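# Coordinate analysis (summary)
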Amino acid sequence: MALLASGCAEQRVRSEADEALARGAYDEGVRVLRDGVQANPSSALLRSGLLQARQQALEAWLREIQQRQGAGDIAGAQRALDKAQAADPDNPRLRALKAELEITARQRAAFAEAQSQVDKQRPDLALAVISQALQDNPQHAELLALRRKLEADMRTREQGASRDVLAQSKLVSLDFRDATLRMVLDLISRHSSVNYVVDRDVRQELRVTLLLKDALVDDALNLLLATNQLTKKVVDARTIVVYPNTREKAREYEEQVVKVFYLSSGDAKGAAAFLKSMLKVTDPFVEERTNMLAVRDSIENIRLAERLIGLYDAVEPEVLLELEVLEINTNRLSELGVKFPSSLSLTPLAPAGATQLTLQNIDGIGRDRIALGLGGATVNLRRETGDFSTLANPRIRVKNKEKAKVLVGDKIPVISTVTGQTGFVSDSISYLDVGLKLEVEPAVYADDDVGIKVSLEVSSLGNSVRTAAGALAYQIGTRNASTWLRLRDGETQLLAGLISKDERTSANRLPGIGDLPVVGRLFSSTLDDAKRTELMLAVTPRILRNVQRPSASESEIWIGTEARPGLKPVRLLKPAPPDVAAASTMPAAAAPGAAPADAQVAASAAEATGAQLTTPLKLKWQAPDAAKVGEVVTLSLAAEQAADLRALPMELSFSRDKWAFVGVDEGDLLAQGNTPTSIVQTGQPEVGLWSVSVLRRPASGAYGAGRVLSLKLRALQPGDTMVAVHSARALSSRADAALVTDLPVHKVRIAP
């Protein structure tokens, strides 16, 4: 009775656990079985059920964890993991999964923190958070995507900042004769806001002769440095470093970049040879397994390599060849006439009662003992005709300059006997291809033409020949043709003319009478047998994929000089106006009735810059008061009371609606004593502003009065207008700077 009660209890526990597992309550089912095992440790039924329930529950919980983790529900995945660990706390797979969930939770928090830093415009802090989080799991998709986006944005901003500074839209005019490099760089820096640092190995006594008009700042710097065996490095948005253009200095200043290219169509080895030939880069690393190419070089060479690899890694052309092979066989056979017996035989017979003819019974041979043998005559009225063809119509997709083969036929075994040195005999079997064999090799051109090399062979099995050694060979009849075609896409070419013709005629006649004309046909039989075979091949190429012909701008790349390679910078077609937004004030000095633009010019001329030092230098315009539309007016700016005046940078303003800028010429004041001078011009005439700086190259000053410069303008529209000096500073030979406070304004009336 005890055993019966125990068995019933085990079955009841097992049934209760099975019901819990069936409705998905895996933790309850495992708990019921575990309690049953504790109550009855010797029950094999409950122990085996507990093991099965744990395995079933573990698989279900793992599926739930993976589903919740994939859906981003980390909290739900953690709850499912806690249930699984409560049922099987020592499972190593669950411990590893718990560590993975902890890493995922940390990385999600890191992603949120990085996104918060991005929203606060702190991309550097966001990248630091991402780098720290990726140490746990370098393959986190969201963090990797955010890092790629941030790095691409920062890279674009850095490159754009460099272009904005060094390829400014300001125009500069330079005129130096035997000036020092530092003097030229000082003036360029003053008018372009580009800071510079000169390497210690640049010669201090380097002299420069330069004449440029209306050149961009970057072009002026490049020409200045290139003609003196110098080059520059862009440090940040406003700073460059000037250093000698030597290999040793390039190693110090040129930053190296590693670029990895994964080629989709081109060959990595070929791309490496292409880059070495075009750019003279160091040996790139080639990984043939993944078709990867890695290049380590300067940023300029890397940019060029990107353009060249984009052209090299073109899609491999493919073509679909529609082939149609037709073999036409024609048989004609006719046999007409009477075929008479061709022989007569006489056979002696044995006498009656004897079984054979002997010398004893040969006597008495007569007509009755001689047998006559004569064949019958046959009337032949036969004609046979036969037409049949063998057709093969394959469609083959082939890559450019790759061979494709088609075989329609049989492989005939040829058995040969081989005898070894020990006398051991073995059979060797080789196979012959018999039938239709076709080989094609297309070459796809950029103009959608396809060149095809075609080789066609048709073979047939003939008689077998057995050698003295017992080997078996066959006679093979072949017909082949090879040619090269160039067809347009979709054009069909038919190759025909491979004709085999066999005609045979045989006659069976009675001698003499059978040779007579007309009558002889009654005493003869004629057999005519004609066979004709013709082979035809039709080829139609259809281009599936071809190389995209690059445009002229893509296929022609400006790469600079061999000593200083680099992509040609993009220039704006129309220069942007200079920074003159602060040059407007209230038009208090405007003349009555003046136009708004003229009022702004007058106000600009009266604006003070707030300098603390002043100079007694007086400026005044010497120009006519009237002009006509289309006339070029010369306005001379004269100076009085000049004392130790070495340079005079100034800004001139005029109405863009009334005047068109023509040019500026140097005056005679700063050229006293035939002293060499330089003039630097920048600005934008379209907005009526022009900056001019006149400098005596020796460190000496001018004195007295004289003409500083002459401004040439062309009158455009009738009306009253003004020309003014917006600002001016006087520089002495001791580098002292003083503000010119008395800024002249000149009024001109333009007549129609």
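As a reminder, the structure under discussion sits directly above these lines.
Each value, and the rule that gives it
- Residues numbered from 1 in each chain as written.
- Predicted model: local features only at pLDDT ≥ 70, side-chain atom pairs only at ≥ 80, totals over all residues.
- Heavy atoms only, no water.
- Helix = DSSP H or I, 4+ residues; strand = E, 2+ residues; numbered from the N terminus.
- Buried < 20%, exposed > 50% of the residue type's maximum accessible area, 1.4 Å probe, protein only.
- Axes fitted to C-alpha atoms, helices over the stretch in contact; angles between N-to-C directions.
- Parallel < 35°, antiparallel > 145°, perpendicular 65-115°, else oblique.
- Left-handed = near helix turned anticlockwise from the far one by under 90°.
- Contact = heavy atoms within 4.5 Å.
- Nonpolar A, V, L, I, M, F, W, Y, C, P; charged D, E, K, R; others polar.
- Salt bridge = Lys/Arg side-chain N within 4 Å of Asp/Glu carboxyl O.
- Arc of directions from axis to C-beta.
- Pairing = 2+ DSSP bridges.

In this section: the side chain of Ser459. Relative to the helices and strands, Ser459 resides in strand 16 (residues 449-466). Given the relative accessible area of 9%, Ser459 is considered buried.

Remark: helix 11 (residues 268-279) packs on helix 12 (residues 299-312), axes separated minimally by 11 Å, with the N-to-C direction vectors making an angle of 130°. The angle between helix 11 and helix 12 places the two elements in the oblique class. Between helix 11 and helix 12 lies a crossing whose hand is right-handed. Residues Gly270, Ala271, Phe274, Leu275, Met278 and Leu279 of helix 11 touch helix 12, and the partners they reach there are Asn301, Leu304, Ala305, Leu308, Ile309 and Tyr312. Of the residues assigned to the contact of helix 11 with helix 12, the class counts are 10 nonpolar, two polar and no charged.

Moving on: the pattern of salt bridges. Within this structure, the stated rule accounts for 27 salt bridges. With its nearest N and O atoms 2.6 Å apart, the salt bridge here joins Asp201 to Lys249. With Asp201 in the loop between strand 2 (195-198) and strand 3 (207-216) and Lys249 in helix 10 (residues 247-253), the pair connects residues that are 48 residues apart, well separated along the chain. Classification of Lys249 by relative accessible area gives buried; the value is 6%. Through salt bridges that share partners, Asp199, Asp201, Lys249 and Glu252 make up one connected network.

Those residues of helix 6 (residues 123-133) not exposed but buried are Ala126, Leu127, Ile130 and Ala133. End-on view of helix 6: buried residues confined to an arc of 125°, all on one side of the axis.

A word on the pairing of strand 8 (residues 292-298). With six of seven residues buried, strand 8 is to be regarded as a mostly interior element. Bridge count for strand 6 (residues 256-262) against strand 8 is seven bridges, and the pairing is antiparallel. When the sheet's bridge partners are listed, Gln256 is paired in strand 8 with Ser298. Two strands pair when backbone bridges link them, and strand 7 (residues 285-287) and strand 8 are joined in this way by three bridges, in the antiparallel orientation. Counted as the bridge partner of Glu287 is Met292 from strand 8.

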